[in-house]
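Descriptive analysis of the structure
Residue strings, one per chain:
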Amino acid sequence: MSHADTQPQEPIEYPTDEYSYGGHTVRLIPVPAEVGVWRVENDDVYFGLVKTAEPVRDEPGVHFASHFAGEEDIPPTTVDRDWTKAVQFLIDAKD
């Protein structure tokens, strides 16, 4: 068993239905047939995807990757421990 396996795990917080940030309210819509993938959009804009991801720096727990619209199939632009930061990154990029 590795050292990381013996560390207590923090509860994982998964995306909610809506999130407000920077004057935008977006919906996080689960992508059918894909576990751990959400579309980030509002009535006017599709911001991209947030996907569950492996940690980048050997940090324990589930992380969330940001994928810009049109770049969903390439490696993520950023990976964070907190899904809200992944959504904020996509919103900030559109502003």
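Here's what I pulled together on the structure shown here. (Residues numbered from 1 in each chain as written. Predicted model: local features only at pLDDT ≥ 70, side-chain atom pairs only at ≥ 80, totals over all residues. Heavy atoms only, no water.)

**Considerations on the environment of Asp 95**
Heads up, the condition is: Segments assigned H or I by DSSP are reported as helices when at least four residues long, segments assigned E as strands when at least two residues long, and all are numbered from the N terminus. Whether two residues are in contact is decided by their heavy atoms, any of which lying within 4.5 Å being enough.
Tracing the backbone through its elements, the reader meets Asp 95 in the segment after helix H2 (83–94). Distance from Asp 95 to Gly 22, taken between C-alpha atoms, is 9.2 Å for residues 73 residues apart in sequence. Setting aside residues no more than four positions away along its own chain, Asp 95 makes contact with Gly 22 and His 24.

**Quick word on the nonpolar core**
Applied cut-off: The definition of a nonpolar core used throughout is a set of buried Ala, Val, Leu, Ile, Met, Phe, Trp, Tyr and Cys residues joined through side-chain atoms within 4.5 Å. The classification of residues rests on relative accessible area computed with a 1.4 Å probe and restricted to protein chains. Under 20% of the type maximum is buried, over 50% is exposed, and intermediate values are partly exposed.
Core analysis: the largest hydrophobic core is formed by 13 residues, its most contacted members being Val 26, Leu 28, Val 40, Val 50 and Val 87. Elements with a contribution of two residues or more to this core: strand E2 (24–30), strand E3 (37–41), strand E4 (46–53) and H2. Counting residues per element, this core draws most heavily on H2, which supplies five residues. In contact with Val 50, other than residues within four places in its own chain, are Gly 36, Val 37, Trp 38, Val 40, Phe 64, Ala 65, Ala 86, Val 87 and Leu 90.

**Quick word on the sheet that holds E4**
Hydrogen bonds between backbone atoms are what pair the strands of a sheet, whose relative direction is either parallel or antiparallel. We apply this condition: Being paired, for any two strands, means DSSP has found at least two bridges between them. To obtain each axis, a line is fitted to C-alpha atoms, and for helices this fit is confined to the stretch in contact; angles are then taken between N-to-C directions over 0 to 180 degrees.
Reading across the sheet, the six strands line up as E1-E2-E3-E4-E5-E6 and stay open at both edges, with antiparallel pairing between neighbours. The open sheet terminates on both sides in strands that have one partner only, identified here as strand E1 (18–21) and strand E6 (78–80). Within this sheet the neighbouring strands show an average axis-to-axis angle of 30 degrees, counted without direction. As paired strands, E4 and strand E5 (residues 63–68) are joined by six bridges and run antiparallel to one another. By the bridge assignment for E5, Val 50 is matched with Ser 66.

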